[in-house]
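# Notes for the structure review
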Amino acid sequence: MNWLLYAFIAAAIFGFQDIISKIVLSKEHSNEFLSILYLSGLIFLLPFFKQIIVPDATSMLLIMIRSITLAGAYMLFIKALKHMDISEVSPLTNLRLLIIFLYGFVFLSESIRWMQILGAFVLMFGSYILESEGHIKELHKTLIKITKNKYVFYLVIYIILMPMTSVFSKMIFNRGVNSFNLLFFHYVISTFIYLGITFLVYGGIKDLVEGFKLGGAWIFVRSVSGLIVVFISFLAYADPVSLVSVIVPITQLRTLISTIFGGALFHEKHLSSKIIGCVLMVIGVGFIIL
């Protein structure tokens, strides 16, 4: 089952990617970071342009919808990552799994098992521990904190939108589009969106030049690793027997890496309780995969 191996490899790379993104975001604006990231990735892909096969109109429409949805969702995630602790943001993205069950069931006819439901409850409990900041018994404080934080709200929207891109990926591959073609068009559309925002809302070329200077080698590392991990995850989705409701939980194991290593690197507060919450969420992921 190569698609499972691809999913686990993607999870490891995604985890360290989040840490690199946090490092760069400490210096750069969110959209500036995304514009440079996707522009760099597209430049790396251009030499392989001759290998691209333009898909049929329906597949292209699905690719466009997927890319626009992902671009919006990822922008919200990056804004949250910039302004919140990585040991908080990363584990909360595990709640995507509650949505992917529904999407997989409705759009891909994937079944929901009792172990997945149990895993979902463990995930929710883990997320509560994560947000409690040591006040585990004081539910009201945790709820007040969540409702007053706009970046948590951004994450909620991300959690709702991002799983839909996985469903679109599976639909696109089921129509015969190969992984590299989806990767290429994904970068073309996303780059156009982020550059459009940079030039229409922000400083245009000035922001891009400044971003390259501030990001330095980290931008290069993040861009190359981004291309690799997206392509690997596409290989998992492209397998005819793969299940979105299993791939997404596996890739969410990234949160354990980014929470423990990222939290320690940035000396974040309440790290012990966050790690406990993250571990619980990973256990929930385990129930879902089994």
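As a starting point, this report considers the structure included with it. (Residues numbered from 1 in each chain as written. Predicted model: local features only at pLDDT ≥ 70, side-chain atom pairs only at ≥ 80, totals over all residues. Heavy atoms only, no water.)

Looking now at the overall build of the chain. Scanning the chain from terminus to terminus reveals 13 helices and 0 strands. Helices and strands appear in the chain in the N-to-C order α-α-α-α-α-α-α-α-α-α-α-α-α. Scaling as 2.2 N^0.38, a compact globule of 290 residues should have a C-alpha radius of gyration of about 19 Å, and the chain matches this with 19 Å. If you line up the chain on its principal axes, its C-alpha atoms span 60 × 45 × 30 Å. Relative to its full complement of 290 residues, the chain shows a buried share of 54%. Expressed as a percentage of contacts within the chain between residues at least 6 apart in sequence, the contacts between residues at least 24 apart total 87%. With the model as given, the accessible surface of the chain reaches about 13100 Å², and the carbon-plus-sulfur share is 74%. Where the 21 positive side-chain charges of the chain centre and where its 14 negative ones centre are 1 Å apart. (Helix = DSSP H or I, 4+ residues; strand = E, 2+ residues; numbered from the N terminus. Rg over C-alpha atoms; globule rule 2.2 N^0.38 Å. Buried < 20%, exposed > 50% of the residue type's maximum accessible area, 1.4 Å probe, protein only. Contact = heavy atoms within 4.5 Å. Areas by Shrake-Rupley, 256 points an atom, 1.4 Å probe, with all protein chains shown as cover. Lys, Arg positive; Asp, Glu negative; His and termini not counted. Charge placed at Lys NZ, Arg CZ, Asp CG, Glu CD.)

By the definition in use, this model includes 11 aromatic pairs. With centroids separated by 5.9 Å and ring planes inclined at 40 degrees, the aromatic side chains of Phe 16 and Phe 261 adopt a geometry described as tilted. Here Phe 16, found in helix 1 (residues 2-25), pairs with Phe 261, found in helix 12 (residues 254-265); they are 245 residues apart in sequence, far enough to count as distant. With centroids separated by 4.9 Å and ring planes inclined at 40 degrees, the aromatic side chains of Tyr 38 and Tyr 187 adopt a geometry described as tilted. Of the two residues, Tyr 38 sits in helix 2 (residues 30-45) while Tyr 187 sits in helix 9 (residues 179-201), which places them 149 residues apart along the sequence. Side by side, Tyr 38 and Tyr 187 carry an identical accessibility label, which is buried. The structure contains a cluster of three or more aromatic residues connected by ring pairs, namely Tyr 38, Tyr 187 and Tyr 194. (Phe/Tyr/Trp six-rings, centres within 6.5 Å; stacked < 30°, edge-to-face > 60°.)

Another aspect to go through is the pattern of salt bridges. Scanning the model with the defined rule gives 2 salt bridges in all. For Asp 56, the salt bridge goes to Arg 175, with nearest N and O atoms at 3.0 Å. Taken as a pair, Asp 56 in the loop between helix 2 and helix 3 (57-83) and Arg 175 in the loop between helix 8 (150-174) and helix 9 lie far apart in primary sequence, 119 residues in all. (Salt bridge = Lys/Arg side-chain N within 4 Å of Asp/Glu carboxyl O.)

Here we come to the environment of Gly 286. Here Gly 286 shows up in helix 13 (residues 271-289). The spacing of Gly 286 and Ile 86 is 200 residues in sequence and 22 Å in space, taken between C-alpha atoms.

Packing of helix 3 against helix 8 brings their axes to within 8 Å, and their N-to-C directions diverge by 150 degrees. Relative to helix 8, the element helix 3 is oriented roughly antiparallel. In this structure, the crossing between helix 3 and helix 8 has a hand that is left-handed. Across the contact of helix 3 with helix 8, the residue classes break down as 19 nonpolar, 4 polar and 2 charged. (Axes fitted to C-alpha atoms, helices over the stretch in contact; angles between N-to-C directions. Parallel < 35°, antiparallel > 145°, perpendicular 65-115°, else oblique. Left-handed = near helix turned anticlockwise from the far one by under 90°. Nonpolar A, V, L, I, M, F, W, Y, C, P; charged D, E, K, R; others polar.)

The subject of this paragraph is the environment of Met 281. The residue Met 281 is located in helix 13 in this model. Once the C-alpha coordinates of Met 281 and Asn 94 are considered, the two residues, 187 residues apart in sequence, prove to be 7.0 Å apart.

Here we come to a nonpolar patch on the surface. Where nonpolar side chains cluster on the molecular surface, the patch consists of Leu 102, Phe 105, Val 106, Phe 107, Ile 112, Trp 114, Ile 117, Phe 121 and Met 124 and spans about 970 Å² of accessible area. For the nonpolar patch, the secondary structure elements donating two or more residues are helix 5 (96-108) and helix 6 (114-132). Relative to the helices and strands, Phe 105 is located in helix 5. (Patch = residues over 30% accessible without salt bridge, like charges linked within 9 Å, V, L, I, M, F, W, Y side chains within 5 Å.)

For any two helices packed against each other, the geometry is given by the interaxial angle and the distance between the axes. Direction vectors running N to C along helix 2 and helix 3 enclose 125 degrees, while the axes themselves pass 9 Å from each other. Judged by the angle between their axes, helix 2 and helix 3 are oblique. Of the two elements, helix 2 crosses helix 3, and the hand of that crossing is right-handed. Of the residues in helix 3, those in contact with Ser 30, Asn 31, Phe 33, Leu 34 and Tyr 38 of helix 2 are Leu 70, Tyr 74, Met 75, Ile 78, Lys 79 and Lys 82.

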